[in-house]
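Residue-level structural notes
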Amino acid sequence: MNLNELENNWIKGFEKPVIIAGPCSAESESQMLETAKRLKESDADVSVFRAGIWKPRTKPNGFEGVGVIGLNWLKKVKEEYGFKTATEVANAHHVFAALEADVDVLWIGARSTVNPFTVQEIAQALRGIDKPVLVKNPVNPDLALWIGALERLLGQDVKNLGVIHRGFSTYQKTKYRNIPNWQIALDFKHQFPNIPMFIDPSHICGNRTGLAGVTQEAFNVGYEGAIIESHCNPDEAWSDASQQITPEVLADMINSIQIRKSDISGYEDEMGKHRTLISDLDFQLIELLSQRMKISEKIGTLKKENNIAIFQPERWRIIADYAAQKANESGMSHEFIEKVFKAIHEESIEVQNKIMINK
Ligand code: PEP
Ligand code: MN
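Residues numbered from 1 in each chain as written. Chains lettered and ligands numbered in written order. Predicted model: local features only at pLDDT ≥ 70, side-chain atom pairs only at ≥ 80, totals over all residues. Heavy atoms only, no water.

Notes on the coordination of the manganese ion (ligand 2)
The line we're drawing: Distances up to 2.8 Å from the metal define which N, O and S atoms are donors, and 3.2 Å serves for Na, K and Ca; water is absent from the atom set, so sites may look incomplete. To qualify as a helix, a DSSP run of H or I must reach at least 4 residues; to qualify as a strand, a run of E must reach at least 2; elements of each kind are numbered from the N terminus.
Taken together, the protein donors to the manganese ion (ligand 2) comprise Cys24 (SG), His203 (NE2), Glu229 (OE) and Asp240 (OD), at separations of 2.1 to 2.4 Å. Each donor residue of the manganese ion (ligand 2) lies on the same chain, and together they follow the pattern C-x178-H-x25-E-x10-D. One end of the pair, Cys24, is in the loop between strand E1 (18–22) and helix H1 (29–41); the other, Asp240, is in the loop between strand E8 (225–229) and helix H10 (247–256), with 216 residues separating them in the sequence.

Structure representation (structure tokens):
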């Protein structure tokens, strides 16, 4: 069996989009129960209550989670408020303790997904279970590693799977804590439309103000759910305080988001027409690119015969300026056009490189 064949019927038992919410970390029984109570009373439609019991922290000597005692609090949350529960597992001991405490959904954190030994250990500890297991993207932008983690789980007959898009680390200073790199998540979604994808806006943003926008973007492209950190007193949270929101703020946010359907019945004709036009244009774009590359090859030959360097900075500037001007005139974003032309130019250099090396 391969990942494409998974049915993932587990998701059908949930209201869509599935909202998983709760504190970054379990801190005390009262913090857990108060957060759960307020989530229940709000109209955020939360179906799964999350809380980290063991916390992978960047530096030592900080708060590393309350440990197994927190599993009792998760149990109480389930008994008193009827939520399903979820926590992160990062080794076999965590798995055994979480299963023993009947946690309903387990997830593998971003720092674990990067390590095949860790994932293998977790997968073996989970062998054959039918509880849903969600795999966060690895901290580094590596799609194969993300898919590999799911394959390790499937290899141990864990067949109820999902993924969480929590963004990727970067050394650059950006408005995100972890840049979303939507393309990687969307590539995943295209390859495995049968594997439910959750957005984790909390760890992407690292702040409260960006959460709604990122969640909306994810729902616009058909994500099945969201995992969002919510705490009864966010400013006092022991971990990730700056990105947590109260249950009431969470409810307002969820209600402000437009949930889009992925079912297009009723619009097939209209959609069909537009899609045909788009396919036609895509075809023309490919034809044009192919013609452009053929001309590039001719230039490559000329450069080779005359011993001219492939990359001519002046030439790239002319192309980039022209593209920027055209982007302005046609009302498209400058960044978008620059990205497209950079990609074309890079490929063109690649084509010329091959000519230089080959003949
Ligand atoms: C978390 O969800 O609290 C967490 C530690 O996330 P990540 O693995 O994405 O850093
Ligand atoms: Mn967190």
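Thoughts on the pairing of E1
Under the convention used in this document: Each residue gets one of three labels from its accessible area relative to the maximum for its type: buried under 20%, exposed over 50%, partly exposed in between, using a 1.4 Å probe on protein chains only. Only strands that DSSP links by at least two bridges are regarded as paired with each other. The definition of a right-handed crossover adopted here requires that, viewed with the strands pointing away, the path from the first strand over the helix to the second runs clockwise.
Burial within E1 is extensive, with five of its five residues counted as buried. Burial of E1 is two-sided: the residues Val18, Ile20 and Gly22 facing one way and the residues Ile19 and Ala21 facing the other way are all buried. Note that E1 and E8 share five bridges and pair parallel. Bridge pairing in E8 places Ala21 opposite Ile228. Pairing of E1 with strand E2 (residues 48–50) involves two bridges; the strand directions are parallel. Counterpart to Ala21 in the pairing with E2 is Phe49. Handedness of the E1-H1-E2 crossover: right-handed.

Observations concerning the domain arrangement of the protein
Reports often express the size of an interface as the amount of accessible area lost when the parts come together. Stated precisely, the cut-off is as follows: An automatic or database domain assignment supplies the start and end points of every domain.
Taken domain by domain, the protein holds domain 1 (3–256) and domain 2 (270–357). Put simply, the middle of domain 1 and the middle of domain 2, counted by C-alpha atoms, are 40 Å apart.

Notes on the packing of helix H11 (residues 268–305) against helix H13 (residues 334–358)
Keep this limit in mind: Throughout, an axis means a line fitted to C-alpha atoms (over the contacting stretch in the case of helices), and angles, computed between N-to-C directions, take values from 0 to 180 degrees. Angles are sorted into four bins: roughly parallel if under 35 degrees, roughly antiparallel if over 145, roughly perpendicular if 65 to 115, and oblique for all others. Crossings are sorted by hand: turned counterclockwise from the far helix by less than a right angle, the near helix makes the crossing left-handed, and turned clockwise it makes it right-handed. Contacts are assigned to residue pairs that have any heavy atoms within 4.5 Å of one another.
Two elements in contact, H11 and H13, have axes separated by 8 Å at closest approach and are oriented at 45°. As the angle between them shows, H11 and H13 are arranged oblique. The handedness of the crossing between H11 and H13 is right-handed. Packed against H11, whose contacting residues are Leu289, Arg292, Met293, Ser296, Glu297, Ile299, Gly300, Thr301, Lys303 and Lys304, the element H13 presents Ile344, Glu347, Ser348, Val351, Gln352, Ile355 and Met356 at the interface.

Overview of the sheet that holds E2
Within a sheet, each strand pairs with its neighbour through backbone hydrogen bonds, oriented either parallel or antiparallel. Reading around the circumference, E1-E2-E3-E4-E5-E6-E7-E8 is the order of the eight strands in this closed barrel, with parallel pairing throughout. When the angles between neighbouring strand axes are averaged without regard to direction, this sheet yields 25°. As defined by bridge partners, strand E7 (residues 197–199) adjoins E8 across two bridges and the pair is classed as parallel. Within the sheet, the bridge partner assigned to Ile199 lies in E8 and is Ala226. Across the sheet, helix H2 (residues 69–81) touches E2 and strand E3 (84–88), and the angle it forms with E3 is around 160°.

Focus: the side chain of Ser47
For Ser47, the location among the structural elements is in the loop between H1 and E2. Taking relative accessible area as the criterion, Ser47 reaches 19% and is therefore assigned buried.

Quick look at the site of ligand 1
Operational definition: A cutoff of 4 Å decides nearness: a residue is near a molecule or strand if any of its heavy atoms lies inside that distance of it. Definition of a polar contact: a pair of N or O atoms within 3.5 Å, with one able to donate and the other able to accept a hydrogen when the atoms are protein atoms, and with sequence-neighbouring residues admitted only if both atoms are side-chain atoms. For the accessible areas, the method is Shrake-Rupley and the probe is 1.4 Å, while residue cover comes only from the protein chains on display. Ten residues, namely Ala, Val, Leu, Ile, Met, Phe, Trp, Tyr, Cys and Pro, are considered nonpolar, four, namely Asp, Glu, Lys and Arg, are considered charged, and the remaining ones, Gly among them, are considered polar.
Taken together, Cys24, Arg50, Lys55, Glu88, Trp107, Gly109, Ala110, Arg111, Lys136, Arg166, His203 and Glu229 make up the full set of residues near ligand 1. Separating an oxygen atom of ligand 1 from a side-chain N or O atom of Arg111 is a distance of 2.8 Å. Against a free-state accessible area of 300 Å², the protein chains account for coverage of 97% of ligand 1. Taken together, the residues of the shell around ligand 1 sort by class into three nonpolar, two polar and seven charged.

Quick notes on the pairing of E3
Here is the key point about a regular strand: its side chains alternate between the two faces of the sheet. With four of five residues buried, E3 is to be regarded as a mostly interior element. Pairing between E2 and E3: three bridges, direction parallel. Within E3, the residue paired with Phe49 across the bridge is Thr85. As a crossover connection, the stretch from E2 through H2 into E3 is right-handed. Two strands pair when backbone bridges link them, and E3 and strand E4 (residues 105–108) are joined in this way by three bridges, in the parallel orientation. Residue pairing in the sheet places Ala86 in a bridge with Val105 of E4. Following the backbone out of E3, through helix H3 (residues 92–100) and into the adjacent parallel E4, one traces a crossover that is right-handed.

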